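Fold and contact review
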Amino acid sequence: DLGFLPHMRGGGTHGKGSKMTGVPYTRSTKTGKVLTYKPEQLHAFGFLWTWKPSVFSFSSPGGRFVWLQCGLVNLIAMASAWGFWHIQGAADVSMLADFESLEDALHTLIVFLLGLFLAEVISRWHAMFVNCQGGLVAAIDDVNILGKVYYPDDQEVNDNVLRWCLASHALLFMMAQDRDPSEVSELVDRGLLTKAEADQMVALGTNDARLPWTWIMEVLQEADKRAKGPSENALYLLHKRCIGGIGAIGDSLSYLDGKLPIAYVQLLALMAKFNMLLMAVTRGASVAMHAKGHGAATRWLAIVLEFTRLFFIPILYQGCFELYDTLSNPWGQDMNDFPEEEFEAAIRSECVALTSARTSPACEASRAAQVAE
């Protein structure tokens, strides 16, 4: 249940606490993270000015490495061209035929494998967004709505449930960012934990996002004992949704800890790096041979085509690996990660709205009529 997202979009506007940074996408004014984007513009010409959140951004170490690697490949190619220009002495196209065939065959295989690789990377990110983040939000919504329905007069319990739910959400981000348990004290300043609760977590040496759910289950059990009239299944339903929240957090941690097998990623990286090196040498040699074996117009066209290949293929290879690194932990602090503060505000707003409007005007009028009779 990710119905809270329209709160960040603002129903067609860009939402409170966001700004448009160039037409295609909207960023948070607080954290700078991307909140949403316009596919129709990004697919047209928006990609031309959407570099900052991309894998090619100079603002990120991974993006800088993409361009560094492209530069290194081209330097090797120029060194190869210089060597063949001075050593070979005469153009011999047949000499490179076998190497170019090997390079083309490897490139075809690598492109196919990288396609499967990217499909798995996107699938994992989608599962983390819908099943993990969405599952946690769904559990928060359900527990708050059911708690308000079954225990409408126990305001303290309902307030604590919402606060602990938001604390659990914040703690998931802290765990994903591998922050020290002592830092949970900052949640006291945000009004999500009391000092006693934060001290308890620090004493236990944990910032586990599942801990607040055990408090929620306990306080709901006590509220059920005090309440009069709830269904006998009320506590069961509430505890079931609490377990759903705990499960969503557990799934999130499983995705974070269980990355793609290292042998699989290492094999792809090895093949890509080897082929880039092979391409640099063979295409550099091809540049030297084109320079000696063709007329002026054809010569420069062939050289431009060779360096175009040397420019695009390395950055696309490395861009795929950088995309995996970018999407492997969406609860981090990168621009493409989930916007924690906006999610938290949207969840709070949604829960307050749903619990406040739990009784329809028609039901209130019916009850008033029954009282009058």
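Cut-off values and rules
- Residues numbered from 1 in each chain as written.
- Predicted model: local features only at pLDDT ≥ 70, side-chain atom pairs only at ≥ 80, totals over all residues.
- Heavy atoms only, no water.
- Helix = DSSP H or I, 4+ residues; strand = E, 2+ residues; numbered from the N terminus.
- Buried < 20%, exposed > 50% of the residue type's maximum accessible area, 1.4 Å probe, protein only.
- Areas by Shrake-Rupley, 256 points an atom, 1.4 Å probe, with all protein chains shown as cover.
- Salt bridge = Lys/Arg side-chain N within 4 Å of Asp/Glu carboxyl O.
- Core = buried A, V, L, I, M, F, W, Y, C linked by side-chain atoms within 4.5 Å.
- Contact = heavy atoms within 4.5 Å.
- Expected span 1.5 Å × (residues − 1).
- Polar contact = N/O pair within 3.5 Å; in protein donor to acceptor, adjacent residues only side chain to side chain.
- Axes fitted to C-alpha atoms, helices over the stretch in contact; angles between N-to-C directions.
- Parallel < 35°, antiparallel > 145°, perpendicular 65-115°, else oblique.
- Left-handed = near helix turned anticlockwise from the far one by under 90°.
- Nonpolar A, V, L, I, M, F, W, Y, C, P; charged D, E, K, R; others polar.
- Phe/Tyr/Trp six-rings, centres within 6.5 Å; stacked < 30°, edge-to-face > 60°.
- pLDDT = per-residue confidence, 0-100.
- Disulfide = S-S within 2.5 Å.
- Patch = residues over 30% accessible without salt bridge, like charges linked within 9 Å, V, L, I, M, F, W, Y side chains within 5 Å.

**Observations concerning the overall build of the chain**
Looking only at helices and strands, one finds 13 helices and 3 strands in the chain. Scored against the burial criterion, the 373 residues of the chain give a buried share of 44%. Here the chain has roughly 19200 Å² of accessible surface; of this, 62% comes from carbon and sulfur atoms.

**Some thoughts on the pattern of salt bridges**
For the coordinates displayed, the defined rule picks out 16 salt bridges. With its nearest N and O atoms 3.0 Å apart, the salt bridge here joins Arg 309 to Glu 103. Of this pair, Arg 309 sits in helix H11 (residues 296-327) while Glu 103 sits in helix H4 (residues 93-150), and the two are 206 residues apart along the sequence. Glu 344 is paired through a salt bridge with Arg 190; the nearest N and O atoms lie 2.4 Å apart. Remark: Arg 190 occurs in the loop between helix H6 (186-189) and helix H7 (195-204) and Glu 344 occurs in helix H12 (residues 340-356); sequence separation between them is 154 residues. Each of the salt bridges in this network shares a partner with another, and the network as a whole consists of Arg 179, Glu 183, Glu 186, Arg 190, Glu 340 and Glu 344.

**Remarks on the nonpolar core**
Among the nonpolar cores identified, the biggest contains 50 residues, and Val 161, Trp 213, Ile 216, Leu 220 and Trp 331 are the most heavily contacted of them. For this core, the elements supplying multiple residues, two or more each, are H4, helix H5 (155-176), H7, helix H8 (211-226), helix H9 (234-257) and H12. The biggest single contributor to this core is H5, with 13 residues. Ignoring any residue separated from it by four or fewer positions in sequence, one finds Ile 216 in contact with Val 143, Val 161, Trp 164, Cys 165 and Cys 242.

**Some details on helix H3 (residues 61-87)**
A turn of α-helix holds 3.6 residues, and therefore any two residues three or four places apart point the same way. Taking 1.5 Å per residue, 27 residues should reach 39 Å; H3 reaches 38 Å between its end C-alpha atoms and fits that length. Those residues of H3 lying buried are Gly 62, Gly 63, Val 66, Gln 69, Cys 70, Val 73, Asn 74, Ala 77, Ser 80, Ala 81 and Gly 83.

**Considering the side chain of Asn 207**
Turning to its location among the elements, Asn 207 is positioned in the loop between H7 and H8. On the basis of relative accessibility, which here comes to 9%, the residue Asn 207 falls in the buried class. For Asn 207, the side chain forms a polar contact with the main-chain oxygen of Arg 179, separated by 3.0 Å. The residues contacting Asn 207, other than those within four sequence positions of it, are Leu 171, Met 174, Met 175, Arg 179, Asp 180, Pro 181, Val 184 and Met 201.

**Observations concerning the packing of H5 against H9**
Where H5 contacts H9, the two axes come as close as 11 Å, and the packing angle between them is 15°. The angle between the axes of H5 and H9 places the two elements in the roughly parallel class. The two elements H5 and H9 meet at a crossing, and its hand is right-handed. Each of Ser 168, Leu 172, Met 175 and Ala 176 in H5 lies in contact with H9, whose residues at this interface are Ile 249, Ser 252, Leu 253 and Leu 256. Of the residues in the contact of H5 with H9, the class split is 6 nonpolar, 2 polar and no charged.

**As for the packing of aromatic side chains**
Taken as a whole, this structure holds 13 aromatic pairs when the rule is applied. Ring geometry for Trp 125 and Phe 129: centres 5.4 Å apart, planes at 15°, overall stacked. Here Trp 125 and its partner Phe 129 are both found in helix H4, 4 residues apart, which amounts to about one turn of the helix. The class for Trp 125 is partly exposed, based on a relative accessible area of 24%.

**Looking at the confidence of the model for the chain**
For the chain, the mean per-residue pLDDT works out to 83, and 82% of the residues sit at or above 70. Put simply, strand S1 (residues 18-20) is where the chain has its lowest mean pLDDT, 42, and H5 is where it has its highest, 95. Throughout residues 1-23 the model reports pLDDT below 50, and contacts reaching past four residues in sequence, or to other chains, amount to 53 contacts.

**Some details on H9**
Spanning 24 residues, H9 covers 35 Å between terminal C-alpha atoms, matching the ideal 34 Å at 1.5 Å per step. Among the residues of H9, those classed as buried are Ala 234, Leu 235, Leu 238, His 239, Cys 242, Gly 245, Ala 248, Ile 249, Gly 250, Ser 252, Leu 253 and Leu 256.

**Some words on the state of the cysteines**
Taken as a whole, this structure holds 0 disulfides when the rule is applied. For Cys 242, which is in no disulfide, the shortest distance to another cysteine sulfur is to Cys 165 and amounts to 7.1 Å. When its relative accessible area of 0% is taken as the criterion, Cys 242 is described as buried.

**Here's the deal with the environment of Ile 216**
Structurally, Ile 216 is set in helix H8. A C-alpha to C-alpha distance of 7.1 Å links Ile 216 and Trp 164, two positions 52 residues apart in sequence.

**Notes on a nonpolar patch on the surface**
A surface patch of nonpolar side chains, about 480 Å² in accessible area, is lined by Phe 65, Leu 68, Leu 72, Leu 75 and Met 78. Turning to its location among the elements, Met 78 is positioned in helix H3. Judged by relative accessible area, which is 43%, Met 78 ranks as partly exposed.

**Examining unusual backbone geometry**
In this structure, Asp 178 is a non-glycine residue whose phi angle is positive, near 55°. Position of Asp 178 among the secondary structure elements: in the loop between H5 and H6.

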